[in-house]
Amino acid sequence: IVASAAMAGVPLLNGFLSKEMFFAETVFLSSVPWVEWGLPIAATVAGGFAVTYALRFTVDIFFGKLATDLPRAPHEPTRWMRVPIEFLVLVCLVVGMFPARSIGPVLAAAARPVVGGTLPPYDLAVWHGFSAPLMLSMLATLLGVVGYVWLRRQLARGRFRDAPFVDRLDGKSTFERGLVHLNLAARWCLETFGTRRLQPQMLLLVVLGVLAGAAALH
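Residues numbered from 1 in each chain as written. Predicted model: local features only at pLDDT ≥ 70, side-chain atom pairs only at ≥ 80, totals over all residues. Heavy atoms only, no water.

Asker: Before we move on, can you summarise the overall build of the protein chain with the specific residues and values?
Answerer: A count of helices and strands for the protein chain gives nine helices and zero strands. Starting at the N terminus, the α and β elements of the protein chain follow one another as α-α-α-α-α-α-α-α-α. Computed over the C-alpha atoms, the radius of gyration of the protein chain is 27 Å, more than 25% above the 17 Å expected from 2.2 N^0.38 for a compact globule of 218 residues. Along the first, second and third principal axes, the C-alpha atoms of the protein chain reach 75 × 60 × 45 Å. Counting only residues that meet the buried cut, the protein chain has 20% of its 218 residues in that class. Averaged over its 19 positive side-chain charges, the protein chain has a centre that lies 5 Å from the centre of its 13 negative ones. (Helix = DSSP H or I, 4+ residues; strand = E, 2+ residues; numbered from the N terminus. Rg over C-alpha atoms; globule rule 2.2 N^0.38 Å. Buried < 20%, exposed > 50% of the residue type's maximum accessible area, 1.4 Å probe, protein only. Lys, Arg positive; Asp, Glu negative; His and termini not counted. Charge placed at Lys NZ, Arg CZ, Asp CG, Glu CD.)

The following block contains the structure:
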């Protein structure tokens, strides 16, 4: 649940901080007018979809009906299987509440070689006041909640049970056909370019090496 909430950008989790920084980059961008307006709108819509997905993931899995058509009855994982997930949850909380002290030095060390010198001014904090990025984040959350409620009603009416266009694809048959075609292509290449003697193959490698070196000289 915490991981899903962090992805949706809930305050005091690392997802909220990263989403606010993402919105800040789209808001304080100097470019042509249609980019300055269109990029924040696109980022807000994308954030709304992320909230909708996170809500459906959380509600349906953790608070939905229990599945009955399972081959075996599920059981709780062992203690050591939960430790990695619990560690990630702890990281989400620590980074979300104390970003400057926890992840700040790591980000500075990673960004300094990219910038090639002194880093520009930045502020890793949970609260920056009522700013434009915060407003966009709140709007994206509201859009995501509205989208989830609408989607849940549509699913209750029997709509959107299958993904458009994607439900027509058969992954297994596509994979198997791909293997067959790759096998046929490899056989054709072997019959066309393969030889029983080593000398023509070595000659071909030398010629290709000379051509590659000559092309690099230009």
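Back to the text.
Asker: Give a detailed account of the packing of helix α2 (residues 14–27) against helix α7 (residues 132–156), specifying residues and quantitative values.
Answerer: Between α2 and α7, the shortest axis-to-axis distance is 8 Å and the interhelical angle comes to 115°. As α2 packs across α7, the resulting crossing turns out to be right-handed. Packed against α2, whose contacting residues are F16, K19, E20, F23, A24 and V27, the element α7 presents A132, P133, L134, L136, S137, A140 and T141 at the interface. For the contact of α2 with α7, a count of residues per class yields nine nonpolar, two polar and two charged. (Axes fitted to C-alpha atoms, helices over the stretch in contact; angles between N-to-C directions. Left-handed = near helix turned anticlockwise from the far one by under 90°. Contact = heavy atoms within 4.5 Å. Nonpolar A, V, L, I, M, F, W, Y, C, P; charged D, E, K, R; others polar.)

Asker: Talk me through the side chain of T52; I want residue IDs and the actual numbers.
Answerer: Relative to the helices and strands, T52 is located in helix α3 (residues 33–62). Residue T52 is classed as buried on the basis of its relative accessible area of 12%. Excluding its chain neighbours within four sequence positions, the residues that come into contact with T52 are L143, G144, G147, Y148 and L151.

Asker: Go over the environment of L13, please, and point to the residues and values.
Answerer: Inspection of the secondary structure assignment puts L13 in the loop between α1 (2–8) and α2. Each C-alpha atom, one on L13 and one on P105, is 18 Å from the other, the two residues being 92 residues apart in sequence.

Asker: Can you explain the packing of α3 against α7? Please cite residues and give values.
Answerer: As a packed pair, α3 and α7 sit with axes 7 Å apart at the nearest point and diverge in direction by 50°. Of the possible angle classes, the one that applies to α3 and α7 is oblique. Of the two possible hands of crossing, α3 and α7 adopt the one that is right-handed. Taking contact as the criterion, the partners of P40, T44, G47, G48, V51, T52, L55, R56, V59 and D60 in α3 are, on α7, L136, L139, A140, T141, L143, G144, V145, G147, Y148, L151, R152 and L155. Per-class residue counts for the contact of α3 with α7 are 12 nonpolar, seven polar and three charged. (Parallel < 35°, antiparallel > 145°, perpendicular 65-115°, else oblique.)

Asker: Give a description of the pattern of salt bridges that names residues and reports values.
Answerer: Scanning all chains against the criterion turns up two salt bridges. The salt bridge involving E86 is made with R79; its shortest N-O contact spans 3.2 Å. Note on E86: relative accessible area 34%, which makes it partly exposed. R79 gets classed as partly exposed once you look at its relative accessible area, which sits at 48%. Salt-bridge contacts for R82 lead to E86; the nearest nitrogen and oxygen are separated by 3.8 Å. Of this pair, R82 and E86 both sit in helix α4 (residues 79–97), four residues apart, which is roughly one turn of that helix. We classify R82 as partly exposed; its relative accessible area is 29%. By sharing partners, the salt bridges in this structure join R79, R82 and E86 into a single network. (Salt bridge = Lys/Arg side-chain N within 4 Å of Asp/Glu carboxyl O.)

Asker: Would you mind going over α7 in detail, with residue names and values included?
Answerer: The first and last C-alpha atoms of α7 sit 36 Å apart over 25 residues, in line with the 36 Å expected at 1.5 Å per residue. Turning to α7, its buried residues number three or more, namely P133, L134, L136, S137, A140, G144, Y148, L151, Q154 and L155. On its buried side, α7 packs onto α2 and α3. At the exit of α7 stands G158, carrying a positive phi of roughly 90°. (Expected span 1.5 Å × (residues − 1).)

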